[in-house]
Amino acid sequence: MKFGENLVLDNVSLSVKPGEFTCLIGASGCGKSTLLNLIAGFTKPTSGTLRAGGELIKAPGPERAMVFQDDAVFPWYTVHQNVEYGLKLRGVRREERHAATKSFIKMVGLEGREKSYPSQLSGGMRKRVDVARAIAVAPRILLMDEPFAALDAITKARMQEEFLDIWEKRQTTVIFVTHDIEEALFLGDRIVLMGTHPGRILSETIVPFARPRSEKTRTMPELQELRATLLQQLRISSAGGDAK
Ligand SMILES: Nc1ncnc2c1ncn2[C@@H]1O[C@H](COP(=O)(O)OP(=O)(O)OP(=O)(O)O)[C@@H](O)[C@H]1O
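Residues numbered from 1 in each chain as written. Predicted model: local features only at pLDDT ≥ 70, side-chain atom pairs only at ≥ 80, totals over all residues. Heavy atoms only, no water.

As named in an unreviewed UniProt entry, the chain is ABC transporter ATP-binding protein, taken from Nocardioides agariphilus.

Asker: Describe the nonpolar core, with residues and values.
Answerer: In this structure, F21, L142 and L185 are the most contacted members of the largest nonpolar core, which totals 47 residues. Top contributing element to this core by residue count: helix α4 (residues 123-136), with six residues. Look past the residues within four positions of L185 in its chain and what remains in contact with it is I191, V207, F209, R213, L223, L226, R227 and L230. Core analysis: the next-biggest nonpolar cluster, separate from the first, contains 20 residues, L24, I57, V177 and M194 among them. (Core = buried A, V, L, I, M, F, W, Y, C linked by side-chain atoms within 4.5 Å. Buried < 20%, exposed > 50% of the residue type's maximum accessible area, 1.4 Å probe, protein only. Helix = DSSP H or I, 4+ residues; strand = E, 2+ residues; numbered from the N terminus. Contact = heavy atoms within 4.5 Å.)

Asker: I'd like to hear about the site of the ligand, residue by residue, with values.
Answerer: With respect to spatial proximity, the complete set of residues near the ligand consists of F3, V8, A27, S28, G29, C30, G31, K32, S33, T34, E146 and H179. Between the ligand and G31, the relevant distance is 3.0 Å, taken from an oxygen atom to a main-chain nitrogen or oxygen of the residue. Between S33 and the ligand, the recorded distance is 2.8 Å, taken from a side-chain N or O atom to an oxygen atom. Expressed as a share of its isolated accessible area of 630 Å², the protein-covered part of the ligand is 57%. Top contributing element to the shell around the ligand by residue count: helix α1 (residues 32-40), with three residues. For the shell around the ligand, the per-class residue count stands at four nonpolar, six polar and two charged. (Near = heavy atom within 4 Å. Polar contact = N/O pair within 3.5 Å; in protein donor to acceptor, adjacent residues only side chain to side chain. Areas by Shrake-Rupley, 256 points an atom, 1.4 Å probe, with all protein chains shown as cover. Nonpolar A, V, L, I, M, F, W, Y, C, P; charged D, E, K, R; others polar.)

Asker: Please provide a residue-by-residue account of the UniProt feature "domain: ABC transporter" (unreviewed entry) in the chain, values included.
Answerer: In this structure's numbering, the residues bearing the UniProt feature "domain: ABC transporter" (unreviewed entry) are residues 1-221. The span residues 1-221 carries 35% helix and 19% strand; its end-to-end C-alpha distance comes to 39 Å. (UniProt positions renumbered as here; feature names shortened; annotations may be inferred.)

Asker: Residues and numbers for the pairing of strand β6 (residues 64-67), please.
Answerer: The two faces of β6 match: R64 and M66 on one face and A65 and V67 on the other face are all buried. Here β6 runs beside strand β7 (residues 141-145); their pairing, made up of four bridges, is parallel. Looking at the pairing, A65 lines up with L142 of β7. (Pairing = 2+ DSSP bridges.)

Asker: How would you summarise the pairing of strand β10 (residues 200-206) if you had to cite specific residues and measurements?
Answerer: Alignment of strand β9 (residues 190-195) against β10, held across six bridges, turns out to be antiparallel. Paired with M194 across the two strands is I201, which belongs to β10. Linking β9 back to β10 in an antiparallel pair, the connection comprises four residues, with H197 at a positive phi of about 50°.

So, in structure tokens, the structure goes:
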């Protein structure tokens, strides 16, 4: 993938199983967001192909929803209207839409705040609206670009746990970009480490921890060991090595 003469992703081959939770980590500028944008269909590849469920990805589609670091909620809509928006676009009928919206709001723990506007919510609550907005359209693939990066540590941990809960119930395929190795280890089935210049895949790590994961998972010695290994690989790759 090139931007002008700049080769941003080179020879990237990634295949994700249905229902798998894949985390992408890597130094700044290695092309993580570019890869997500390609999968979302926001950007067209200059060479190579992308497929979702066997179909060539040519444009954005409702089967692939994105959650960004910055909130993508409409400030002029209430919580209910924000979550309902995608369903409305898809032509879901009023009663069904209403019931579905209510259940998604409940799922992300925002019952009672349906009539609030985003400006009346905390950062964590707005992120919940954002997650509900994305999953409401029942995407087959959820693309998440550092969705919890701006949250404080406690809210972030809570959101991770709540999100895993939702994911385990729905089994959506997730591709999740993060700079936080612990987050990747806590959430993912697999961690794909990318390197820069040009952006490429350096290693893939299967995350061996049983599900459902909990607060206890975070303190497992095996998690800390894997964290140290991945951090070392990240350091080497940031310094220009190949992390092997
Ligand atoms: N629209 C664009 N036009 C030109 N260059 C771009 C464009 N988008 C990204 N790039 C370049 O592509 C490279 C990869 O950027 P990208 O945002 O995908 O990296 P990243 O791994 O997500 O970085 P970060 O972790 O800092 O968010 C960078 O060198 C960036 O400058």
